[in-house]
Amino acid sequence: MSVDAKPDTAVKPARRAAPPGSEGTILRKTGDWARRGPLLPALVFMIIVTQLPFLVTIVVSFMDWNAYYPDERGFAGIDNFRRVLTDANTRHAIWVTIVLTAGVVLISLVLGLLIALLLDRKFRGRGAVRTMMITPFLVVPVAAALLWKHALYNPTYGLFNGVLKWLFGENAPQPDWISNQPLWSIIFALVWQWTPFMMLILLAGLQSRPLDVIEAAGIDGANQWEIFRYMTLPHLRQYLELSALLGSIYVVQNFDAVFTITSGGLGTANLPYTIYQTFYTAHDYGRASAAGVIVVIGTIVIATLALRSVSTLFREETGR
């Protein structure tokens, strides 16, 4: 018996099946791009605003470019960096920057730790006190510098000399604080503004302590000093490191207090102020750009250490 084949039917090639999970992968990637797409304009804007000027600064740092000698512009190689590192004024500015940063960060850390220990206790009005303690950090830096220069340090009508006169009478000493101690005048003004920042980070570290372990240590006979030395302080080590590194990133670039309080005089010119003078007074764009690149490199090194501390804290908090 023969079977007649139907002329209108044709054998169609079998459709290749899609690899398992490929459609889900495509949909997931599409969704990821749909979420990231609105952020692209902001990313492009940030690159244009931050990275392009830095690239221009790097290029200018290798050029011999002084506005007073426009016809002598050319490629200088690493000569600008050599001049920055060998110039006596610049070396002094680097030393002032180190002293200023170390002084502000260390004093702010100690005061911030003491205030954080006090605010970690329960008392009436603790929320209001915490809010008031944060206030100095929220003041505009130039306004804070003007406050210290005129309202506190002024030898004629400043608060400090007024308190001395109130305590010791008309014959009380009336020192000129800025002229007698110019660098310390800047350090104290910055300490007043940066202590709340340190206090916030350290207070967060105190509130993350395992209270059950501390209570057990107290039951076992440990006093407050032993608990602080052997339990609280080791727990706060990374918070102290993070506070010091973040504070150093900002203080090493400080310009407002130096410019406002002393105008860089009396040996208080730090590296940012020296860059300002080199650029706007000497109009030596190449050397100013080289000094700026050196500051950025130092800041990146400090920021890298800060990010490592943050990632370590996150890993520890996640592992709990």
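Scroll up a little and you will see the structure.
Computed from a predicted structure; not experimentally measured.

With that settled, the discussion passes to a nonpolar patch on the surface. A cluster of nonpolar residues, L40, L43, V44, F45, M46, I47, I48, V49, L52 and L55, forms a patch on the protein surface that exposes about 900 Å² of accessible area. Here V44 is to be found in helix α2 (residues 40–61).

Secondary-structure assignment places T304 in helix α14 (residues 285–319). Taking relative accessible area as the criterion, T304 reaches 36% and is therefore assigned partly exposed. Each C-alpha atom, one on T304 and one on L245, is 9.3 Å from the other, the two residues being 59 residues apart in sequence.

Taking 1.5 Å as the rise per residue, helix α6 (residues 141–152) with 12 residues should run 16 Å; its terminal C-alpha atoms sit 16 Å apart, in good agreement. Every buried residue of α6 is listed here: A144, A145, W148 and L152. Seen end-on, α6 carries its buried residues on one side only, within an arc spanning 100 degrees. Among the structural elements, α7 (159–168), α9 (182–207) and α12 (256–262) are those in contact with the buried residues of α6.

Where α6 contacts α9, the axes come no closer than 10 Å and their chain directions differ by 130 degrees. In terms of their interaxial angle, α6 and α9 are classed as oblique. When the axes of α6 and α9 are compared, the crossing they make is right-handed. Between α6 and α9, the residues in contact are P141, A144, L147 and W148 and F188, A189, W192 and Q193, respectively. Of the residues belonging to the contact of α6 with α9, the class tally is 7 nonpolar, 1 polar and no charged.

Rules and cut-offs
- Residues numbered from 1 in each chain as written.
- Predicted model: local features only at pLDDT ≥ 70, side-chain atom pairs only at ≥ 80, totals over all residues.
- Heavy atoms only, no water.
- Patch = residues over 30% accessible without salt bridge, like charges linked within 9 Å, V, L, I, M, F, W, Y side chains within 5 Å.
- Areas by Shrake-Rupley, 256 points an atom, 1.4 Å probe, with all protein chains shown as cover.
- Salt bridge = Lys/Arg side-chain N within 4 Å of Asp/Glu carboxyl O.
- Helix = DSSP H or I, 4+ residues; strand = E, 2+ residues; numbered from the N terminus.
- Buried < 20%, exposed > 50% of the residue type's maximum accessible area, 1.4 Å probe, protein only.
- Expected span 1.5 Å × (residues − 1).
- Arc of directions from axis to C-beta.
- Contact = heavy atoms within 4.5 Å.
- Axes fitted to C-alpha atoms, helices over the stretch in contact; angles between N-to-C directions.
- Parallel < 35°, antiparallel > 145°, perpendicular 65-115°, else oblique.
- Left-handed = near helix turned anticlockwise from the far one by under 90°.
- Nonpolar A, V, L, I, M, F, W, Y, C, P; charged D, E, K, R; others polar.

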